[in-house]
Amino acid sequence: MDPNLPAPRALTVVQLPDGTYTYADPADLPAPQTGPQNIVQHIHHAPPDRTVQRLALGSGIGAGTVAAGVYFGPLLVGVLTAIAANLALLAFLAAVMAWGVVTVVRSVGGSEGKAAAKAVSRGRRRR
């Protein structure tokens, strides 16, 4: 042996957390825990959409704007959805009522009713 080299140390076999084994120096191993082990459990939910936050913080806007965007963004989406649903219902009701008026005028009015219904249907096609 070369006298300039340090003396070899005794190595022990240690099982790593991933289940594999390796050689380690006992002096380098951490001391075993003596007290109870504290376990911190984090329960993760789906992360919120942070696009507004990133845009606001990236352009130097304050935290109030970020909070307003996070709070009022979903409210705005809900309001616009409700308005769209109401408009769709009103359009459906208008179509049904126009169809009903044309049908009644055709069946009740005779030849004048048919001419009036034809005029109404022509006017509806032009729009």
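Keep in mind it's a predicted model, so treat the numbers as computed, not measured. (Residues numbered from 1 in each chain as written. Predicted model: local features only at pLDDT ≥ 70, side-chain atom pairs only at ≥ 80, totals over all residues. Heavy atoms only, no water.)

### Comments concerning the overall build of the chain
Right, so step 1: A count of helices and strands for the chain gives 3 helices and 2 strands.
Right, so step 2: Helices and strands in the chain line up, N terminus first, as β-β-α-α-α.
Right, so step 3: Taking all 127 residues of the chain together, 7% fall into the buried category.
Right, so step 4: Residue pairs at least 24 apart in sequence account for 3% of intrachain contacts in the chain once pairs closer than 6 positions are excluded.
Right, so step 5: Carbon and sulfur atoms make up 65% of the accessible area of the chain, which amounts to about 11400 Å² in all. (Helix = DSSP H or I, 4+ residues; strand = E, 2+ residues; numbered from the N terminus. Buried < 20%, exposed > 50% of the residue type's maximum accessible area, 1.4 Å probe, protein only. Contact = heavy atoms within 4.5 Å. Areas by Shrake-Rupley, 256 points an atom, 1.4 Å probe, with all protein chains shown as cover.)

### Remarks on a nonpolar patch on the surface
Right, so step 1: A cluster of nonpolar side chains, namely Leu76, Val79, Leu80, Ile83, Leu87, Leu89, Leu90, Phe92, Leu93, Val96 and Met97, defines an oily patch on the protein surface of about 1100 Å² accessible area.
Right, so step 2: Tracing the sequence through the fold places Ile83 in helix α2 (residues 63–108). (Patch = residues over 30% accessible without salt bridge, like charges linked within 9 Å, V, L, I, M, F, W, Y side chains within 5 Å. Salt bridge = Lys/Arg side-chain N within 4 Å of Asp/Glu carboxyl O.)

### Observations concerning the pairing of strand β1 (residues 12–15)
Right, so step 1: Here β1 pairs with strand β2 (residues 21–24) via 4 bridges, running antiparallel. Directly across from Gln15, in β2, lies its bridge partner Tyr21.
Right, so step 2: Hairpin connection from β1 to β2: 5 residues lie between these consecutive antiparallel strands, with Gly19 at a positive phi of about 100°. (Pairing = 2+ DSSP bridges.)

### Let's talk about the packing of aromatic side chains
The description of two aromatic rings rests on the distance between their centres and on the angle between their planes.
Right, so step 1: Under the defined criterion, the tally for this structure stands at 1 aromatic pair.
Right, so step 2: Summarising the aromatic geometry, the rings of Tyr71 and Phe72 are spaced 4.9 Å apart at their centres and angled 80° between planes, so their arrangement reads as edge-to-face.
Right, so step 3: Classification of Tyr71 as exposed rests on a relative accessible area of 54%.
Right, so step 4: Take Phe72: its relative accessible area is 49%, and that puts it in the partly exposed class. (Phe/Tyr/Trp six-rings, centres within 6.5 Å; stacked < 30°, edge-to-face > 60°.)

### Structural notes on α2
Right, so step 1: Taking 1.5 Å as the rise per residue, α2 with 46 residues should run 68 Å; its terminal C-alpha atoms sit 67 Å apart, in good agreement.
Right, so step 2: Its maximal kink placed at Phe72, α2 deviates by approximately 35°, while the proline Pro74 follows within four residues. (Expected span 1.5 Å × (residues − 1). Bend = angle between axes of the 7 residues up to and from the residue.)

### Observations regarding the environment of Ala24
Right, so step 1: Within the fold, Ala24 resides in strand β2.
Right, so step 2: Judged by relative accessible area, Ala24 falls into the buried class, the value being 17%.
Right, so step 3: Measuring from C-alpha to C-alpha, the distance between Ala24 and Thr12 comes to 5.5 Å, with 12 residues separating the pair along the chain.
Right, so step 4: Sequence-distant contacts of Ala24, defined by excluding residues within four places in its chain, comprise Leu11, Thr12, Val14 and Leu29.

### A few points about the confidence of the model for the chain
Detail in the predicted coordinates should be disregarded across regions flagged by low pLDDT.
Right, so step 1: Looking at the chain as a whole, the pLDDT averages 77, with 75% of positions reaching at least 70.
Right, so step 2: Of all helices and strands in the chain, the one with the weakest mean pLDDT is helix α1 (residues 51–58) (60), whereas α2 scores best (88). (pLDDT = per-residue confidence, 0-100.)

### Regarding the environment of Thr22
Right, so step 1: Its location among the elements puts Thr22 in strand β2.
Right, so step 2: The exposure class assigned to Thr22 is partly exposed, which follows from its relative accessible area of 32%.
Right, so step 3: Along the sequence, Thr22 and Thr12 sit 10 residues apart, while their C-alpha atoms lie 8.3 Å from each other.
Right, so step 4: Ignoring anything within four residues of it in the chain, the contact list for Thr22 reads Thr12, Val13, Val14 and Leu16.

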